[in-house]
Amino acid sequence: MAKNNPIITEERLQKYQGHYSEEKLWPKMKKFAARLGGKATYYVLVLYYVLQSPDVPLSNKTIILGALGYFILPLDLIPDIIPALGFTDDIAALTLAYKAIQTAVTPEIKARAEAKVKEWM
C-alpha cells in the first residue's frame, strides 16, 4: 500500500525527522493508540525500539525519524482530527518505514512491541 503511494515516500519522510521527539510521541500514542489500531501501534513501537538500537544504520534511523515525526504532526497531509481518515496518511508513512527497515527488526524487538500492544489494547 505505502510503496504505491506517490505522496508518502522515504524521501518525503526525511523532511519530517526534525518533528520527532520522545516527549511528543508518548502523549500522542496514549491519546490515539486505540484509534490507530493494533497493527499501526505495533509499527510505531517497532520503529521506536529499532531507533533505540545502536546497531541500526543511520539510513534506517533517518527513515524512522521521518515517519515518527510525520506521525507526531497534528496537521499533516490529512489532519488527524478528521474522523475515519485522519490517520490514513500516518499509517501509510508508518507502514512504509516499517517495510524499509524490516531487516533491522530483531525477534526481541518484535516481542517487546507485541507485548506492549497487548498491554495497551
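Residues numbered from 1 in each chain as written. Predicted model: local features only at pLDDT ≥ 70, side-chain atom pairs only at ≥ 80, totals over all residues. Heavy atoms only, no water.

Chemist: Would you mind showing me how to read the packing of helix H3 (residues 38-52) against helix H6 (residues 107-120) here?
Modeler: Packed helices, taken two at a time, are described by the angle their axes make and the gap between the axes. Packing of H3 against H6 leaves a shortest axis separation of 9 Å and a crossing angle of 135 degrees. Comparing the axis directions of H3 and H6 gives the class oblique. Considering only the axes of H3 and H6, their crossing is right-handed. Between H3, through Gly38, Thr41, Tyr42, Leu45, Val46, Tyr49 and Val50, and H6, the contact on the second element is made entirely by Ile109, Lys110, Arg112, Ala113, Glu114, Lys116, Val117 and Trp120. A breakdown of the residues in the contact of H3 with H6 according to their chemical character gives 9 nonpolar, 2 polar and 4 charged. (Axes fitted to C-alpha atoms, helices over the stretch in contact; angles between N-to-C directions. Helix = DSSP H or I, 4+ residues; strand = E, 2+ residues; numbered from the N terminus. Parallel < 35°, antiparallel > 145°, perpendicular 65-115°, else oblique. Left-handed = near helix turned anticlockwise from the far one by under 90°. Contact = heavy atoms within 4.5 Å. Nonpolar A, V, L, I, M, F, W, Y, C, P; charged D, E, K, R; others polar.)

Chemist: When you look at the pattern of salt bridges in this model, what are you seeing that I'm missing?
Modeler: Working definition: two side chains of opposite charge can pair if their charged atoms are close together. Applying the stated criterion across every chain, the model contains 1 salt bridge. With a shortest N-O distance of 3.6 Å, Lys116 and Glu119 are connected by a salt bridge. Of the two residues, Lys116 and Glu119 both sit in helix H6, 3 residues apart, roughly one turn of that helix. A relative accessible area of 57% places Glu119 in the exposed class. (Salt bridge = Lys/Arg side-chain N within 4 Å of Asp/Glu carboxyl O. Buried < 20%, exposed > 50% of the residue type's maximum accessible area, 1.4 Å probe, protein only.)

Chemist: Can you walk me through the side chain of Thr41 in this structure?
Modeler: Note on placement: Thr41 falls in helix H3. The residues contacting Thr41, other than those within four sequence positions of it, are Met29, Ala33, Leu36, Val117, Trp120 and Met121.

Chemist: Just to check I follow, could you spell out the confidence of the model for the chain for this structure?
Modeler: Any segment with low pLDDT has predicted coordinates that should not be analysed in fine detail. In this model, the chain carries an average pLDDT of 82, and 78% of its residues clear a pLDDT of 70 or more. Contacts for the low-pLDDT stretch residues 1-6, under 50 throughout, to residues beyond four places or in other chains number 10 contacts. (pLDDT = per-residue confidence, 0-100.)

Chemist: What's the story with H6 in this structure? I'm lost.
Modeler: Because an α-helix packs 3.6 residues into every turn, residues spaced three or four apart end up facing the same way. For H6, with 14 residues, the first-to-last C-alpha span of 20 Å sits near the 20 Å given by 1.5 Å per residue. If you check which residues of H6 are buried, you get Ile109, Ala113 and Val117. Along the axis of H6, the buried residues cluster in a sector spanning 70 degrees; they form a single face. The exposed set on the far side of H6, more than 90 degrees from its buried face, consists of Pro107, Glu108, Lys118 and Glu119. On its buried side, H6 packs onto H3. (Expected span 1.5 Å × (residues − 1). Arc of directions from axis to C-beta.)

Chemist: Explain the packing of aromatic side chains here, please?
Modeler: The way to describe two aromatic rings as a pair is by their centre distance and the angle between their planes. Under the defined criterion, the tally for this structure stands at 6 aromatic pairs. For the ring pair Trp26 and Tyr48, a centre distance of 4.8 Å and an interplane angle of 80 degrees mean the geometry is edge-to-face. Of this pair, Trp26 sits in helix H2 (residues 22-36) while Tyr48 sits in helix H3, placing them 22 residues apart in sequence. Using a relative accessible area of 10% as the deciding quantity, one classes Tyr48 as buried. When the ring of Tyr42 is compared with that of Tyr43, the centres are 6.1 Å apart and the planes differ by 50 degrees; the resulting orientation is tilted. Of the two residues, Tyr42 and Tyr43, neither departs from the other in class, the shared state being buried. (Phe/Tyr/Trp six-rings, centres within 6.5 Å; stacked < 30°, edge-to-face > 60°.)

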